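Per-entry structural report
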Amino acid sequence: MAHTADSLANPPDIIVGGDGVEITDVDGNRVVDAVGGLWNVNLGYSCEPVKRAISDQLDKLPYYSIFRGTTNDAVIELSTMLRDFFEPDGLSRAFFTSGGSDSVEVALRLARQYHKIRGESGRIKFLSLKKGYHGTHTLGASVNGNANFRTAYEPLMPGCYHIPAPYTYRNPFNETDPQKLAQLCLSALEDEIRFQDPSTIAAFIMEPVLGAGGVIPPHESFMPGVREICSKHGILLVSDEVITAFGRTGSWTGARHWGVQPDLLCCAKAITNGYFPFGAVMVAEGVAEVFEKDETGKGSIGSGYTYSGHPVGAAAAIACLHETERLNVKDNAAARGKQLHEGLRKLFMKHELIGDVRGGHGLMCALELVADRATKAPIDKATIGKVHRTAYDNGTMVRVSGNNIILSPPLVLTEGHVDTILNALDAGLAAAG
């Protein structure tokens, strides 16, 4: 996720320690981690129950496969917990993976296979949103909506098509009203489905709140509208919740945040608090039954990874889910997210470099920086780099993605930590402006 020459010219910060919601670099600088690792350290760096679970499982059973004919006790226990956790989302089965990109790949493969089992083998295409991010595997990259993750690796998989995202700051409709824009994007989805022919489309995949594309929350009508359109045309809805699952939006899942039940849900990252690579695809009862009741032989699943259902990862996830629910982190994410978003709005009034402030749904926020508010010309790399470095020097690690500063801190941070983030950004914007 960087140019090698740039990494040589500008060596990375070397992080050597983590405690609570703070990290320490090799020079002894201690800062609030407003990146949350990479959207994943929801419980911070001192979550002892997860650390103990990993250590204890290493002593008990450090590895065994869950390929056909074997499994392990930890992953069975975790399956039951995930079924209960995702029950309000209508999801009752888990397919275990090694991480987010794996989860997306498996979900899209299962979507195609689901239709083949049902005798609709022509349903092979995928629809997704521009600005969406769905990992780096070839199929996931093909449904990605950002050229940064596509161009160097083309040609990608055929049969993947994109519609405009409900991105009020920049969209082809020049529409700034969120509700009107949502309806325009839904109309574009309907139009694309008609153009492609519904009988050729397997699934639509989306993030409930677009993350790596710049934290783009849609209007509340958008995802329910997508669900309705997909159901009407027999298209599966895949909710990519590698970022949003387990409380980040202020709800336990992004789909639940918008009142939607998807057919498949991808999760990873916070499932183990980032302490162990692990992921899962959650599957709706109706989808699972198509596989489980198949008598044609087409239901045999030819997907899986060496580390799928890894017992150490499963043990970490069990402990993490217990702690996530015990702390009820979704409520703190909502409260601290509101504080952070309001603080960013105040910075917008103060600093001309800020073109747009996005967030308002838990601890997912972004500042889009511009050279000129009137033209919306993106800020140059050197200037946003100065914002980043000055913020770091003032006690906060933030993430730069293009001309966006993205904030996704741990869900256990305090009011004081949010103040530190806002003060550091204030200093960075002042220094660059």
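Bear in mind the structure is a predicted one, so any value in this text is a computation, not a measurement. (Residues numbered from 1 in each chain as written. Predicted model: local features only at pLDDT ≥ 70, side-chain atom pairs only at ≥ 80, totals over all residues. Heavy atoms only, no water.)

1. Some words on helix α7 (residues 178–196)
For an α-helix, the turn length of 3.6 residues means that residues three or four places apart are oriented alike. Using the following cut-off: Numbering of helices and strands starts at the N terminus; helices are DSSP runs of H or I of at least 4 residues and strands are runs of E of at least 2. One fewer than the residue count of a helix, multiplied by 1.5 Å, yields its expected span. Exposure is judged per residue with a 1.4 Å probe applied to protein chains only, and the accessible area is read against the type maximum: over 50% gives exposed, under 20% gives buried, and values in between give partly exposed. Residue contacts are defined here by distance: any two heavy atoms, one from each residue, within 4.5 Å place the two residues in contact. We define a polar contact as two N or O atoms separated by no more than 3.5 Å, with the added condition that, inside protein, one atom must be a possible hydrogen donor and the other a possible acceptor, whereas residues neighbouring each other in sequence contribute only through side-chain atom pairs.
With 19 residues, α7 extends 27 Å between its outermost C-alpha atoms, agreeing within 8% with the 27 Å of an ideal straight helix rising 1.5 Å per residue. Inspection of α7 places L181, A182, C185, L186, A188, L189, E190, E192, I193 and Q196 among the buried residues, and these make up the whole buried set. Considering only its buried residues, α7 is in contact with β5 (125–129), β6 (160–163), β7 (201–206) and α8 (222–233). The opening residue of α7 is D177, an N-cap whose side-chain oxygen sits 3.2 Å from the backbone nitrogen of Q179. Immediately beyond the C-terminal end of α7, within one or two residues, lies D197, with a positive phi of roughly 85°.

2. Quick word on the packing of helix α12 (residues 329–350) against helix α14 (residues 415–432)
In helix packing, the relevant descriptors are the interaxial angle and the interaxial distance, both defined with respect to the helix axes. As a reminder, the rule being used: Fitting a line to C-alpha atoms yields each axis, with helices limited to the stretch in contact; the angle taken between N-to-C directions then spans 0 to 180 degrees. Any angle between 65 and 115 degrees counts as roughly perpendicular, while under 35 counts as roughly parallel, over 145 as roughly antiparallel, and the rest as oblique. Note on convention: near helix rotated counterclockwise from far helix by under a right angle means a left-handed crossing. Clockwise means right-handed. Residues are grouped as follows: Ala, Val, Leu, Ile, Met, Phe, Trp, Tyr, Cys and Pro are nonpolar; Asp, Glu, Lys and Arg are charged; every other residue, Gly included, is polar.
Where α12 contacts α14, the two axes come as close as 10 Å, and the packing angle between them is 20°. In terms of their interaxial angle, α12 and α14 are classed as roughly parallel. Crossing angle aside, the handedness with which α12 passes α14 is right-handed. Residues R336, Q339, L340, G343, L344, L347 and K350 of α12 form the contact with α14, whose participating residues are E415, V418, D419, I421, L422, L425, D426 and L429. Residue composition of the contact of α12 with α14, by class: eight nonpolar, two polar and five charged.

3. Observations regarding the state of the cysteines
Worth spelling out the cut-off: The disulfide criterion is simple: two cysteine sulfur atoms within 2.5 Å.
A full pass over the atoms with the stated rule returns zero disulfides. Cysteine C230 shares no disulfide, and the gap to the nearest cysteine sulfur, in C266, comes to 14 Å. In this structure C267 is not part of a disulfide, and its nearest cysteine sulfur, from C266, lies 8.0 Å away.

4. Remarks on the domain arrangement of the protein chain
By a widespread convention, an interface's size corresponds to the accessible area lost as its parts come together. Just so we agree on the cut-off: Residue ranges for the domains trace back to a domain assignment, done automatically or taken from a database. Buried area, as used here, totals the accessible surface that two parts lose on assembly, with accessibility defined by a 1.4 Å probe and the loss added over both. One speaks of a salt bridge when a side-chain nitrogen belonging to Lys or Arg is within 4 Å of a carboxyl oxygen belonging to Asp or Glu.
Entries for the protein chain in the domain assignment read domain 1 (4–33 + 328–432) and domain 2 (50–326). Just the C-alpha atoms count here: the centres of domain 1 and domain 2 sit 27 Å apart. Contacts between domain 1 and domain 2 engage 27 residues on the former and 26 residues on the latter. Taking both partners together, domain 1 and domain 2 bury about 2,000 Å²; carbon and sulfur atoms supply 56% of that area. Counting the contacts that link domain 1 with domain 2 gives one salt bridge. Only α12, β11 (354–358), β12 (365–372) and β16 (404–407) provide two or more residues apiece to the side of domain 1 that touches domain 2. A class-by-class count of the residues in the side of domain 1 that touches domain 2 yields 13 nonpolar, nine polar and five charged.

5. Structural notes on the packing of helix α13 (residues 381–393) against α14
Running from amino to carboxyl end, α13 crosses α14 at an angle of 140°, the nearest separation of the two axes being 8 Å. Classed by the angle they form, the pair α13 and α14 counts as oblique. The two elements α13 and α14 meet at a crossing, and its hand is right-handed. Mapping the contact onto sequence places T383, K386, V387, T390 and A391 in α13 and A424, A427, G428, L429, A431 and A432 in α14. Looking at the contact of α13 with α14, its residues break down into seven nonpolar, three polar and one charged.

6. Some remarks on the pattern of salt bridges
One pass over the structure, following the stated rule, counts 24 salt bridges. In this structure, R118 engages E120 in a salt bridge whose closest nitrogen and oxygen atoms are separated by 2.8 Å. On the basis of relative accessible area, E120 is assigned to the partly exposed category, the value being 27%. A salt bridge links R170 to E368, with the shortest nitrogen-to-oxygen separation between them at 2.7 Å. Taken together, the residues span a long stretch of sequence, with R170 in the loop between β6 and α7 and E368 in strand β12 at a distance of 198 residues. On the basis of relative accessible area, E368 is assigned to the buried category, the value being 1%. Each of R170, D356, R358 and E368 takes part in one network of salt bridges that share partners.

7. Observations concerning unusual backbone geometry
Cis geometry is adopted by the peptide bond preceding P155, which originates at E154 and carries an omega value of 5°. Of note, P155 is situated in the loop between α6 (138–143) and β6. Unusually for a residue other than glycine, F246 sits at a positive phi of about 80°. Here F246 lies in the loop between β8 (236–240) and α9 (254–257). Judged by relative accessible area, F246 falls into the buried class, the value being 2%.

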